[in-house]
Amino acid sequence: MLAKYWKKIGFFILIIACIFNVMIKFVNKTSLKSELEASATYVNQQEENKNLDK
């Protein structure tokens, strides 16, 4: 019986895994503001390091 329905069972498991993956990404998503602040901080630190090396 399992041999008859293996494609449907596999497809169902694949759909559940994809939905689970998407939900985890939505829950753990960082805000755009925090991403921009982190990028700006990194760029400022790199500029300061370049200025100190001169």
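Enquirer: Hey, could you go over the overall build of the chain for me, with residue numbers and the actual values?
Expert: In terms of regular secondary structure, the chain is built from two helices and zero strands. In summary, the chain has a C-alpha radius of gyration of 23 Å against a globular reference of 10 Å for 54 residues, an excess of more than 25%. Structurally, the chain occupies a C-alpha span of about 75 × 20 × 10 Å along its principal axes. Burial statistics for the chain: of 54 residues in total, 0% are counted as buried.

Enquirer: Can you tell me about helix α1 (residues 2-27), naming the residues and giving the values?
Expert: Because an α-helix packs 3.6 residues into every turn, residues spaced three or four apart end up facing the same way. Here α1 spans 35 Å end to end across 26 residues, near enough to the 38 Å set by a 1.5 Å rise per residue. Within α1, the axis deviates most sharply at K8, by approximately 35°. Of all the 26 residues making up α1, zero are buried; the element is thus mostly uncovered.

Enquirer: Just give me the short version of a nonpolar patch on the surface, but keep the residues and values in it.
Expert: On the surface, M1, L2, Y5, I9, F12, I13 and I16 cluster together into a nonpolar patch covering about 800 Å² of accessible area. Within the fold, L2 resides in helix α1.

The rules we used
Residues numbered from 1 in each chain as written. Predicted model: local features only at pLDDT ≥ 70, side-chain atom pairs only at ≥ 80, totals over all residues. Heavy atoms only, no water. Helix = DSSP H or I, 4+ residues; strand = E, 2+ residues; numbered from the N terminus. Rg over C-alpha atoms; globule rule 2.2 N^0.38 Å. Buried < 20%, exposed > 50% of the residue type's maximum accessible area, 1.4 Å probe, protein only. Expected span 1.5 Å × (residues − 1). Bend = angle between axes of the 7 residues up to and from the residue. Patch = residues over 30% accessible without salt bridge, like charges linked within 9 Å, V, L, I, M, F, W, Y side chains within 5 Å. Areas by Shrake-Rupley, 256 points an atom, 1.4 Å probe, with all protein chains shown as cover. Salt bridge = Lys/Arg side-chain N within 4 Å of Asp/Glu carboxyl O.

Treat this as a map of the structure, not an account of what it does.
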